[in-house]
Amino acid sequence: MRLFIALELPSDVCDAVVTLCTGLKDVRWVAPRNMHLTLAFLGELDSVQAADLHEALNTLHFDPFDLQLAGVDCFESRGKVRVLWTGVDGDRVTLCHLQHKIMTALERAGLEPERRKFKPHVTLSYLNRFPKEKLLDYISENNRFKTESFKVSHFSLFQSHLTQHGAEYEVLERYGSIDKN
């Protein structure tokens, strides 16, 4: 199973983010149903590892907190723009604390999560050989983007299913401060 841990976006926040997914040609926009804020990417796990993961995550609880999505920027790798994203505003300290708790739980479960520095964002588009000059105008035009504040009361374990049309994400479980019934 290819797994990751993320925050689901409320539908009104997702609707606002979708308004950013226009104005650039030859880019692959993320489908609204696949928009999320990744907290930890795990990759391929077997059923025993997944069970250990579930047990570790089930012990984590936190007080709900507020976030907003704001701004637009990009990630570069080896001089090429790879990802266009919107960032996070609001209680970033609590978000980073939650992400750290999740990473600690993963280690307790014997898993090796990705070690890239946590940069909270929601991916808008994956770019392939897209000229940065064209992107700078888009970023400038959209850098004042901001969603309404939303309450974070849980995080989710997702499974990624690779299809001929790209990845599809399925929520397997929700953890945190919500009532699971």
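Here, residues in each chain are numbered from 1, in the same order as that chain's written sequence. Totals for whole chains, interfaces and linings use every residue, but because this is a predicted model, local features are given only for residues with pLDDT of at least 70 and side-chain atom pairs only at 80 or more, for both listing and counting. For the side-chain quantities, the full set of heavy atoms in the structure was used; hydrogens and water were omitted.

Trainee: Which parts of the structure should I look at to understand the overall build of the protein?
Mentor: The helix and strand inventory of the protein stands at 4 helices and 9 strands. Note on conventions: DSSP H or I runs of at least 4 residues are helices, E runs of at least 2 residues are strands, and numbering of each starts at the N terminus. Ordered by position from the N terminus, the helices and strands of the protein form the series β-α-β-β-α-β-β-α-β-α-β-β-β. Only C-alpha atoms enter the radius of gyration; for comparison, a globular chain is expected to reach 2.2 Å times N to the power 0.38, where N is the number of residues. What you see for the protein is a C-alpha radius of gyration of 17 Å, in line with the 16 Å of a compact globule of 181 residues. Projected onto its principal axes, the C-alpha coordinates of the protein cover approximately 45 × 35 × 30 Å. Accessibility here uses a 1.4 Å probe with only protein chains present; expressed as a share of the type maximum, an area under 20% marks a residue as buried, one over 50% as exposed, and anything in between as partly exposed. The proportion of buried residues among the 181 residues of the protein is 44%. Pairs at least 24 apart in sequence give 76% of the contacts found in the protein among residues at least 6 apart. Using a 1.4 Å probe, accessible areas were evaluated by the Shrake-Rupley method; residue-level cover was limited to the displayed protein chains. As displayed, the protein offers around 10,300 Å² of accessible surface, 47% of which is attributable to carbon and sulfur atoms. Contacts were defined at the residue level, with two residues in contact if any of their heavy atoms lie within 4.5 Å.

Trainee: Help me out: how do you make sense of the sheet that holds strand β9 (residues 166-176) in this one?
Mentor: Two strands in a sheet stick together by hydrogen bonds in their backbones, pointing the same way (parallel) or opposite ways (antiparallel). Between any two strands, at least two bridges found by DSSP are needed for them to pair. Strand order across the open sheet formed by 4 strands is β3-β1-β8-β9, with antiparallel pairing between neighbours. Lying at the two open borders of the sheet, with one neighbouring strand each, are β3 (36-44) and β9. Direction aside, neighbouring strands of the sheet carry axes that sit 25° apart on average. Both strand β8 (residues 154-163) and β9 contribute to a ladder of 10 bridges, which runs antiparallel. Among the inter-strand pairings, F158 is bridged to a residue of β9, identified as V171. The sheet strands contacting helix α2 (residues 47-57) are β1 (2-8), β3, β8 and β9, and the helix crosses β1 at an angle near 25°. The strands touched by helix α3 (residues 92-108) within the sheet are β1, β3 and β8, with β3 carrying the most contacts at an inclination of about 15°. Inter-axis angles, ranging from 0 to 180 degrees, are taken between N-to-C directions of lines fitted to C-alpha atoms, where helices are fitted over the stretch in contact.

Trainee: Looking at this model, I keep getting lost on the side chain of H36. Mind explaining?
Mentor: In this structure, H36 sits in strand β3. Residue classification places H36 among the buried residues on the basis of a relative accessible area of 12%. Distance and chemistry together define a polar contact, namely a pair of N or O atoms within 3.5 Å, with one atom able to donate a hydrogen and the other to accept it when in protein, and with adjacent residues in sequence counting only for side-chain atoms on both sides. Side-chain polar atoms of H36 contact the backbone oxygen of N34, separated by 2.8 Å. A polar contact is formed between the side chain of H36 and the side chain of T38, at a distance of 3.0 Å. Contacts of H36, omitting those with residues within four sequence positions, involve F4, A6, L7, L9, H121, V122 and Y169.

Trainee: Sorry, what's going on with the sheet that holds strand β2 (residues 28-29) here?
Mentor: What the 5 strands build is an open sheet, ordered β2-β6-β5-β4-β7; its pairing is antiparallel. Each edge of the open sheet carries a strand with a single partner, namely β2 and β7 (150-152). Where strand β4 (residues 65-77) lies against β7, 3 bridges are found, and the strand directions are antiparallel. The residue of β7 that forms the bridge with D66 is K151. Contacts from helix α4 (residues 132-142) reach β2, β4, β5 (80-90) and β6 (121-130), with the element oriented near 160° to β4.

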